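# Summary of the model geometry
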Amino acid sequence: MKILFNKPYGVVCQFSKHDKHETLKDFIPIPGVYPAGRLDTDSEGLIILTDDGLFQHQISDPKYKMQKTYWAQVEGAPKESDLDELRHGVDLGDFKTLPAEIKIIDQPKTLWERTPPIRERKTIPTTWLEIRISEGKNRQVRRMTGKIGYPTLRLIRFAIGAYTLVDLDLGMYKIIHE
C-alpha cells in the first residue's frame, strides 16, 4: 500500500503522540503504514507512507538516488551565480552535497496559505526556487540555501520521484493502487 499525504506546517512525522504538535495519526487513520523519509515539523508537502519495507527503503536510502523536488521561498534575490554553488555541491561541514538542479520560479499557483504565515520584511524581497536533489539529509535544503546567504523561509516538498502533490489538498491523503 502507498499513501500520499500533503503534510501541513507544524505536523510531526510520527504516529506516536507529541506534546506540542499534531502527528501523522491525526490525519491518517490507517494502521501498519510508516513514512518513507521525513519532513521537518516546519516543512510542508509530500510524504509517502507505505507498508512495503523495500519500497520505503528505496525512497529513503540515498544509494537509490530517488529525486525529490522542493519549492523553497528564500529571503533575498539570489543571482544565477549564487545558485551555481548549489549546482556544483556545497560543503555543509559534516558533508558535501551532491549537485542540485535549481532554478528560480514564480510562486506556485496551487500554493495554499501557511498557518502561521512566514515572516516577511518590507525592505527584503523573497524568491521562490525549485530545487531537485537525490539525497535528503537532515534539514539539507535549508542548510544549502543558508550556506549561500539566502535563508529558507518556507519549504515545500512537491515531489518524490514520479509522485507529486498534484490534486492533493493540504492535510489530505490518497491511497495509490499500483
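Before reading further, recall that the structure is shown in the block above.
Report on the accompanying structure. Fair warning: this is a prediction, and the values are worked out from it, not measured in the lab.

## Remarks on unusual backbone geometry
In the segment running from Thr 115 into Pro 116, the intervening peptide bond is cis, with an omega of -5°. Within the secondary structure, Pro 116 is located in the loop between β5 (101-105) and β6 (126-133). Within the chain, Asp 167 stands out as a residue other than glycine whose phi angle is a positive 65°. Within the secondary structure layout, Asp 167 lies in the loop between β8 (163-164) and β9 (173-176).

## Describing the packing of aromatic side chains
With the rule as written, the count across this model stands at three aromatic pairs. Measuring from ring centre to ring centre gives 5.4 Å for Phe 5 and Phe 27, while their planes differ by 45°; the resulting arrangement is tilted. A residue pair is termed long-range when its members are at least 10 positions apart, and Phe 5 in strand β1 (residues 2-7) and Phe 27 in the loop between β1 and β2 (34-35) qualify at 22 residues. Consider the rings of Phe 55 and Tyr 163, whose centres lie 6.1 Å apart with planes at 80°: the pair is edge-to-face. Linking Phe 55 in helix α1 (residues 53-60) with Tyr 163 in strand β8, this pair joins segments that are 108 residues apart in sequence. Classification of Phe 55 by relative accessible area gives buried; the value is 8%. In this structure Tyr 163 comes out as buried when scored by relative accessible area, which is 15%. When the ring centre of Phe 55 is taken as reference, the NZ or CZ atom of Lys 2 above it lies at 4.4 Å.

Rules and cut-offs
- Residues numbered from 1 in each chain as written.
- Predicted model: local features only at pLDDT ≥ 70, side-chain atom pairs only at ≥ 80, totals over all residues.
- Heavy atoms only, no water.
- Helix = DSSP H or I, 4+ residues; strand = E, 2+ residues; numbered from the N terminus.
- Phe/Tyr/Trp six-rings, centres within 6.5 Å; stacked < 30°, edge-to-face > 60°.
- Buried < 20%, exposed > 50% of the residue type's maximum accessible area, 1.4 Å probe, protein only.
- Lys NZ or Arg CZ within 6 Å of the ring centre and 35° of its normal.

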